[in-house]
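Remarks on the overall topology
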Amino acid sequence: MTFNQKITSLHLDVLKEIGNIGAAHAATALSNLLGKKIDMRVPKVEMVSFNDMMELAGGSENVVVGIYLRIEGDAEGSMFFILPIEQANRFIRRLIYDETFDFKKRPVSELGLSAMQEMGNILSGSYLSALSDFTNLKIYPTVPGLSVDMFGAIISIGLIELSHVSDNVIVINTSIFEEGVEDHETVRGHFFLLPDPDSFDAIFKALGVS
């Protein structure tokens with residue numbers, strides 16, 4: 001049985017539920033960071049092909065803000081959080097109170113980069129914490145790396161190993177709602193979860209849905 005065949009709608013439903021619990025924890029941390037109410041939701045978890053993943057990010061040559069980390073412990077893999085540059089700009093401007101901040105400007109403000117990295121720490125840590133709590137597995141992230149580059153260049157790190165066993169990636173869609181901000185300015189990003197071979201067997205066996 002290939003990796004593709006092992007992932008069912010039940011598995012994705014479980015990941016969505018874990019994602020929403022992680023999002024609630026992340027929303028609390030971001031609310032404290034920003035000093036205002038933040039709500040986060042995971043409206044959808046899906047498995048998509050590599051080509052569809054590229055389309056979700058606006059194409060392989062689309063320049064995005066990407067946070068990358070390795071997942072280590074009892075289940076290993078790679079995780080990416082990808083935001084369109086304009087959405088990342090809006091969020092970081094509000095976070096550091098600097099309306100001139102722009103990821104496209106060189107050199108990029110160190111304060112803005114640090115704020116984005118902290119956001120990555122909060123989001124990835126909250127999601128993996130929820131996953132660890134549900135499974136009783138020891139799962140933890142490495143320190144996230146931050147890159148502003150073409151999506152294809154950022155994601156290629158995690159595709160090398162996965163491409164040997166699968167043509168698909170798990171996508172955790174994430175929406176961040178900020179109090180007092182119009183709906184059209186809601187931050188919408190994507191977590192791309194790229195497990196190492198055999199890692200999801202361990203996770204879903206622990207969840208009782210293997």
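Throughout, a residue's number is its position along its own chain's written sequence, starting from 1. Per-residue local features are limited, in this predicted model, to residues with pLDDT of at least 70; the limit for side-chain atom pairs, both in listing and counting, is 80 or more; totals at the level of whole chains, interfaces and linings are taken over all residues. Just so you know, side-chain values use all the structure's heavy atoms and leave hydrogens and water out.

**Re the environment of arginine 94**
The line we're drawing: Secondary structure elements follow DSSP: runs of H or I of four or more residues count as helices, runs of E of two or more count as strands, with numbering from the N terminus. Categorising residues by exposure relies on relative accessible area from a 1.4 Å probe, with only protein chains included: less than 20% of the type maximum marks a residue as buried, more than 50% marks it as exposed, and the intermediate range marks it as partly exposed. Whenever two N or O atoms come within 3.5 Å, that pair is a polar contact, provided that in protein one can donate a hydrogen and the other can accept it, and provided that, for residues adjacent in sequence, both atoms are side-chain atoms.
Topologically, arginine 94 is positioned in helix 4 (residues 85-96). A residue is classified by how much of its surface remains accessible, and arginine 94, at 17% relative accessible area, is buried. At 2.5 Å, the side chain of arginine 94 and the side chain of glutamate 178 are in polar contact.

**Let's talk about the side chain of serine 78**
Turning to its location among the elements, serine 78 is positioned in strand 3 (residues 77-84). Residue serine 78 is classed as buried on the basis of its relative accessible area of 2%. Polar contacts involving the side chain of serine 78 include one to the side chain of arginine 70, which spans 3.0 Å.

**Quick word on the pattern of salt bridges**
Note the cut-off: Throughout this description, the term salt bridge denotes a Lys or Arg side-chain nitrogen within 4 Å of a carboxyl oxygen of Asp or Glu.
Counted according to the given criterion, the structure contains 5 salt bridges. In this structure, arginine 41 engages aspartate 39 in a salt bridge whose closest nitrogen and oxygen atoms are separated by 2.9 Å. Of the charged contacts, one joins arginine 94 and glutamate 178 as a salt bridge, the two residues approaching to 2.5 Å between their closest N and O atoms. One end of the pair, arginine 94, is in helix 4; the other, glutamate 178, is in strand 6 (residues 168-178), and 84 residues separate them in sequence. One exposure class covers both arginine 94 and glutamate 178, and it is buried. The network of salt bridges with common partners includes Lys36, Arg94 and Glu178.

**Digging into the packing of helix 2 (residues 9-34) against helix 5 (residues 110-135)**
Applicable threshold: Axis definition: a line fitted to C-alpha atoms, over the contacting stretch in the case of helices. Angles run 0 to 180 degrees between N-to-C directions. Just so you know how the angles are binned, under 35 degrees is roughly parallel, over 145 roughly antiparallel, 65 to 115 roughly perpendicular, and the rest oblique. The crossing is said to be left-handed when, going from far helix to near helix, the turn is anticlockwise and less than a right angle, and right-handed when the turn is clockwise. Only heavy atoms matter for contacts: two residues are in contact if any of them lie within 4.5 Å across the pair. Each residue is assigned to one of three groups, with Ala, Val, Leu, Ile, Met, Phe, Trp, Tyr, Cys and Pro labelled nonpolar, Asp, Glu, Lys and Arg labelled charged, and all others, Gly among them, labelled polar.
Interhelical geometry of helix 2 versus helix 5 gives an angle of 140° and a closest axis separation of 8 Å. The orientation of helix 2 with respect to helix 5, classified from their angle, is oblique. For the element pair helix 2 and helix 5, the recorded crossing hand is right-handed. Residues Leu15, Glu17, Ile18, Gly19, Ile21, Gly22, His25, Ala26, Ala29, Leu30 and Leu33 of helix 2 form the contact with helix 5, whose own contacting residues are Glu118, Met119, Ile122, Leu123, Ser126, Tyr127, Ala130, Leu131 and Phe134. A breakdown of the residues in the contact of helix 2 with helix 5 according to their chemical character gives 14 nonpolar, 4 polar and 2 charged.

**As for the UniProt feature "domain: CheC-like protein" (unreviewed entry) in the protein chain**
Rules: UniProt positions are given in the numbering used here, feature names are shortened, and annotations may be inferred rather than shown by experiment.
Following the UniProt record, the feature "domain: CheC-like protein" (unreviewed entry) maps to residues 10-46 and 112-147 here. Along residues 10-46 one finds 68% helix and 24% strand; the C-alpha atoms at either end are 11 Å apart. With 67% helix and 17% strand, residues 112-147 has its two end C-alpha atoms placed 13 Å apart.

**Here we look at the packing of helix 2 against helix 4**
Between helix 2 and helix 4, the least distance of the axes is 9 Å, while the angle of their chain directions is 50°. When the axis of helix 2 is compared with that of helix 4, the two are oblique. Together, Leu30, Leu33 and Leu34 of helix 2 and Phe91, Arg94 and Leu95 of helix 4 make up the contact between the two elements. Residue composition of the contact of helix 2 with helix 4, grouped by class: 5 nonpolar, no polar and 1 charged.

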